[in-house]
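Below, each chain spelled out in residue letters.
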Amino acid sequence: MGKLEEPRQIRIDAKSAVPAYEQIKRAIKLAILSGRWENGKQLMTLREMALKLMVNPNTIIKVYGQLENEGFIYSRPGAGYYVKLDPAKFSKGSPELFREVTEDYISKALQLGYSAEQILREVAALTNIGIPSARRKDHGNDRD
Amino acid sequence: MIEIRGVSFSYGKTGVFRDFSLSIPEGQVCLVTGINGVGKSTLLRLMAGVLRPDKGKIRYDPKLGADPRRKIGFVSDALSLYESLTIAEAIGFHKSVYGLSSFDDSLVQHTKIGCRQKVRELSIGQRTIFHLNLILSLEPAVLLVDEIIHSIDAYLRKVFLEQIVQLLSKRRLTVVMVNVNFHDIEHLIERVILLKSGEIAVDENIEDLKSKVKKIVARNRPDSLNVLSQIDYSEHSEFFVYPFDNRLRGTIEGDIFDLNLTEIVSAFIGGEYA
Amino acid sequence: MLRKEIRDALKRFVESMVVLAVIPFMYIGDKLVIKVGLDYASLIDTGFFLTLVIFSIYAGATIFQPERKDRAFEYLFSLPLTRRKIILAKILPRFGLLLILGLAATIVVGRSLLADAGITILVLFFSSLFLSIGVFSTAINIFGVILMYLIFFQGGRTFVYLLSRLGGSFAGHFGPLVSQLVSAAVLLVPFGMAFWLTFKKMDARPLKLQMRTYYFITLPVLFVIVSLITLSFRSSQAWLLSR
């Protein structure tokens, strides 16, 4: 099994107060849980990851360490880190990550100045569901 | 790794530091910043041993050896070198002084510098890279880098930073950087030190700093928070506050934004120019 | 470091040797054009002597020239070299070449050169060396060396005279050589100390900010010596004439 194609997907948002290590961790978790990174696939070495993302290697050490503690990856001493896909985690759909991702989206949208209203509308539009009218304050506006 | 204790320093009548102390642990990547002229370069030079304190002492970890300069790589904005030497001669000189048996000139190869060219004939970018190559060749335990990132092109900048990441991965390297512009080094930095009038105004690790410095966009000044600086627009103002506490989130009137390191430092510095 | 300094010293050497190269042209020029009747042998003697004088002053004054010209002081002080190593690497090649040149000159010209000018050459070399850290241009350095030489010269005569007043019969035993040595020592030892102490403390700051130690030692010494010479000038001249 060769090395993975790497995190073009991982972009660290420098403006976010979410620490860099946390952002990287979430991105990797997402990649694992979504199945994009298969079980048993080898991760980039600490050094390669640090170079690719241009971050302090200590940050990657922290990320890999925490991911290992949380059971997402395992390490073979001297032989690198590998994805450990726990079926249990996978099937539960990882509510914590879901919550994190959702919070992240909502906080960003709020920062942009959108109201909770508009956010709900947007989510509904993108996921093709309707919003119960009882929740809506302004009755006069058009429905999606 | 480096321990500065009670150091005073002045250039003739101009005092820069008075009873200044700072301790840098091994393996830390530290940023020193502040307005122009506050003493950042002077501090770096003191650490490099190129300037000697008028009072106080600078101590180094004994593992650097009897003469710590052997393991300290110092690149200053003056890029001081023997200018009338050719590149080949300069490399030979450097090797003999540091006792290096070999010299990896890959960085120099990158920039297509000729071996017969004299140091003074190089452009600033080439000279910077040459200097960096010299410094990296001695496998430093401490890297002191002064503001030179700006004078080299984006590609070379990346090459240089990659070298630093490589070294950080390989060993315990301590880095102190002086910069005013951080977009590509932001994620390498662990600790931020802001100098003001010869003293340390801020000394935080970068994650804490990011959670403590925020931009609040509102009509009125938030009175429960310390405002570092502000930018006024016709309809509203941007207030840069420190220290911010998350618990105050609900009570503040206005929108709260996170900042990147450049914006954070600008906020501190902006306050000084006001 | 040593290798570089040797190369630099050789460069100064060659530059000073230009004087010798002029001699054949002078001789030929005289033979063909001016016809004054220059004696080739004494021309060579003078040539060697001049080269020695020029090199001794030049080699001492230019000891920090590479660093000044190349703005390399900061680089130099960032290197893992002690001040002692640096100054030895700088002085030894220059002094060595001076000795070689002096030896060659003595062989060519004869032992009289050594006797007459040996100490003078050393005084010139060390004066310009020790002055190099206290002044900011080579030209001023050379001017300073001339002054130092005059002080040394007159100092020798003054010293012999003073001893005769104090020690009586000693004066008879003191040949000119010894009085020259003492005069040189009295002048150069404090300057040497000032030089070394200043260099030891030196860092990459602008030079003029670091001269305090130097002037603190050298100026009083100069003042004392010059006063001594001036005060005893009349009497020492009279005494010397009477012998």
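Every value quoted in this text rests on a predicted model; they were computed, and no experiment measured them.

## Concerning the sheet that holds strand E8 (residues 191-196) of chain B
All names here are of chain B. An order of E5-E6-E7-E3-E8-E9 is seen for the 6 strands of this open sheet, with the pairing classed as mixed. What marks the edges here is a single partner per strand, and that holds for strand E5 (72-75) and strand E9 (199-205). Shown here is a sheet whose adjacent strand axes are inclined to one another by a mean of 15°, direction ignored. Note that E8 and E9 share 6 bridges and pair antiparallel. In the sheet register, Leu195 faces E9, and the bridge partner there is Ile200.

## A few points about the arrangement of the chains
No other pair of the 2 pairs of chains in contact has as many contacts as chains B and C. Separated without contact, chain A and chain C have their nearest C-alpha atoms at a distance of 27 Å.

## Describing the packing of helix H2 (residues 46-53) of chain A against helix H5 (residues 154-170) of chain B
Relative placement of two packed helices is described by the angle separating their axes and the distance separating the axes. Between H2(A) and H5(B), the least distance of the axes is 9 Å, while the angle of their chain directions is 155°. By the criterion of interaxial angle, the relationship of H2(A) to H5(B) is roughly antiparallel. Note that H2(A) runs across H5(B); the crossing there is right-handed. Residues Leu46(A), Arg47(A), Ala50(A) and Leu51(A) of H2(A) touch H5(B), and the partners they reach there are Glu162(B), Val165(B), Gln166(B) and Ser169(B). Here the residues of the contact of H2(A) with H5(B) are counted per class, giving 4 nonpolar, 2 polar and 2 charged.

## Section: the domain arrangement of chain B
Residues and elements named next belong to chain B. Taken as a whole, chain B is organised into domain 1 (2-189) and domain 2 (206-273). Look at where the C-alpha atoms of domain 1 and domain 2 centre, and you get two points 34 Å apart. Listed by partner, the interface residues are 7 residues for domain 1 and 7 residues for domain 2. Taken together, the residues of the side of domain 1 that touches domain 2 sort by class into 3 nonpolar, 3 polar and 1 charged.

## Brief notes about the pairing of strand E2 (residues 14-24) of chain B
Working note: regular strand, side chains alternate between the two faces of the sheet. All names here are of chain B. Note that strand E1 (residues 2-11) and E2 share 7 bridges and pair antiparallel. In the strand pairing of E2, Val7 is matched with Phe20. Counted between consecutive antiparallel strands, the loop separating E1 from E2 contains 2 residues, among which Gly12 sits at a positive phi close to 60°.

## Digging into helix H1 (residues 20-33) of chain A
Residues and elements named next belong to chain A. Compared with the 20 Å implied by 1.5 Å per residue over 14 residues, the 20 Å span of H1 between its first and last C-alpha is a close match. Three or more residues of H1 are buried, namely Ala20, Tyr21, Gln23, Ile24, Lys25, Ile28, Lys29 and Ile32. Of the residues one or two after H1, Gly35 is the one with positive phi, at around 90°.

## Some thoughts on the interface of chain C and chain B
By convention, interface size is frequently given as the accessible area that disappears when the constituent parts associate. Of the residues lining the interface, 19 residues belong to chain C; the matching set on chain B comes to 23 residues. Contributing elements (two or more residues each) for the side of chain C that touches chain B: helix H1 (2-34), helix H3 (65-70) and helix H4 (73-78) of chain C. Tallying contributions element by element places H4(C) first for the side of chain C that touches chain B, with 4 residues.

The rules behind these values
Position labels on residues start from 1 in each chain and follow its written sequence. To read the labels, note that chains go from A and ligands from 1, taken in the order they are written. Local features in this predicted model are restricted to residues of pLDDT 70 or higher, and side-chain atom pairs are both shown and tallied only at a pLDDT of 80 or more, whereas totals for entire chains, interfaces and linings draw on every residue. Think of it this way: DSSP has to see at least two bridges between two strands before they count as a pair. Elements are defined by DSSP. Helices are runs of H or I of four residues or more, strands are runs of E of two residues or more, and each kind is numbered from the N terminus. For helices, the axis comes from a line fit to the C-alpha atoms of the stretch in contact; other axes are also lines fit to C-alpha atoms, and the angle between any two N-to-C directions lies between 0 and 180 degrees. What counts as a contact is two residues whose backbone-derived C-beta atoms lie within 7 Å of each other. Orientation labels follow simple angle bins: below 35 degrees gives roughly parallel, above 145 gives roughly antiparallel, 65 to 115 gives roughly perpendicular, and whatever is left gives oblique. For any pair of crossing helices, the crossing counts as left-handed if the nearer helix is rotated counterclockwise from the farther one by less than a right angle, and right-handed if it is rotated clockwise. Note on residue categories: nonpolar means Ala, Val, Leu, Ile, Met, Phe, Trp, Tyr, Cys or Pro, charged means Asp, Glu, Lys or Arg, and polar means any other residue, Gly included. The domain boundaries here were taken from an automatic or database domain assignment. One fewer than the residue count of a helix, multiplied by 1.5 Å, yields its expected span. Think of it as a crowd count around each C-beta: if 20 or more other C-beta atoms lie within 10 Å the residue is buried, if 12 or fewer it is exposed, and in between it is partly exposed, with C-beta placed from the backbone throughout.

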